[in-house]
Amino acid sequence: MLELQENEELISDNIHIIGDVHTQTIIDAIDLKVEGTTHAGSTQYVKNATIFTHQGLLRCHNANVTLLDGGEIHASHAVIDTCKSGSIYAQSVKIKNLNSNIKVCASKFIIIEHIHGLNNVLTIDYKQVPILISKLELINEDVEDLEKLLLQAQEENLDTQDDIEDELKHLKNEEKEIKNSVHSAKISITKKIMKANVLSFVTQEDQVISYTPEQNQEYKPFSLEFTKDFLILHPVNLKTLRTI
């Protein structure tokens with residue numbers, strides 16, 4: 001397809017657009033490739049997205065974007081070559097070049113090669129990742145339904161009790177893994193940081209520990225250690241009392 005014109009909606013398994021995706025359009029697909037620009041006001045709901053320039057709203061599982069130019073990405077995994085402006089909310093994020101005033105939120109890790117600008121905010125916080133919030137809501141609904149089925153199976157002494165208990169255990173472990181993701185999360189910046197930027201880790205209890213890396217410095221990956229009394233940000237050994 002050459003372009004997707006304004007106010008159009010396109011639903012298909014596989015979509016390849018050679019030109020642009022214009023404003024006030026909606027795409028619903030499994031695999032999407034856009035060789036041009038997804039303009040502001042456009043929305044894409046896909047599983048796998050490969051986009052040259054993104055300015056709209058993308059919600060997907062895997063995002064591969066050459067240039068983020070004011071757009072917003074909600075994903076499980078996002079790989080960006082250059083972030084000029086915009087925001088990213090994903091479980092894992094990899095960025096080659098980061099400019100200025102960009103918000104990056106992840107639950108598992110953020111890896112950035114070059115930070116060329118300033119005033120970027122890099123945050124580990126699962127509660128700021130919309131895909132994870134939606135997933136937790138679905139898990140809670142499934143748990144409630146299964147608990148009702150388990151109670152019924154116990155009352156009627158049905159053979160399905162073990163299967164229901166196994167599924168409940170799986171769902172609760174999945175929920176726990178998401179909520180405890182900050183314990184193993186990392187922020188990595190592979191090249192020297194030349195300007196002022198802020199990174200933060202947010203615990204499940206909403207306690208925040210933030211740090212502004214020194215300029216012209218290289219750092220090992222940042223991570224958070226939980227002790228009985230303290231939160232410790234490594235590798236800078238920044239320590240704060242745990243409030244909960």
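Look up a bit, the structure's there.
Just so it is clear, the structure is predicted and the values come from calculations on it, not from any experiment.

Visitor: Help me understand the pattern of salt bridges, please; the structure alone is not making it clear to me.
Guide: Side chains carrying opposite charge are able to pair once their charged atoms draw close together. For the structure on display, the rule yields five salt bridges. In this structure, the salt-bridge partner of Glu 174 is Lys 135, at a minimum N-O distance of 3.0 Å. Taken as a pair, Glu 174 in helix H2 (residues 161-179) and Lys 135 in helix H1 (residues 130-155) lie far apart in primary sequence, 39 residues in all. On the basis of relative accessible area, Lys 135 is assigned to the partly exposed category, the value being 33%. When the shortest N-O distance is used, the salt bridge between Lys 179 and Glu 175 registers 3.1 Å. Taken together, the residues Lys 179 and Glu 175, both in helix H2 and four residues apart, mark about one turn of the helix. Within the structure, one salt-bridge network assembled from shared partners comprises Asp 125, Lys 127 and Asp 206.

Visitor: Whenever I open this one, H1 confuses me. Can you help?
Guide: Residues spaced three or four apart along an α-helix face the same direction, because each turn holds 3.6 residues. For H1, which comprises 26 residues, the first-to-last C-alpha distance of 38 Å matches the rise-based estimate of 38 Å (1.5 Å per residue) to within 8%. Next to the buried residues of H1 lie strand S4 (57-59), strand S5 (62-98), strand S6 (103-115) and H2. Two residues or fewer past H1, Asn 157 is found with a positive phi of approximately 55 degrees.

Rules used throughout
- Residues numbered from 1 in each chain as written.
- Predicted model: local features only at pLDDT ≥ 70, side-chain atom pairs only at ≥ 80, totals over all residues.
- Heavy atoms only, no water.
- Salt bridge = Lys/Arg side-chain N within 4 Å of Asp/Glu carboxyl O.
- Helix = DSSP H or I, 4+ residues; strand = E, 2+ residues; numbered from the N terminus.
- Buried < 20%, exposed > 50% of the residue type's maximum accessible area, 1.4 Å probe, protein only.
- Expected span 1.5 Å × (residues − 1).
- Contact = heavy atoms within 4.5 Å.

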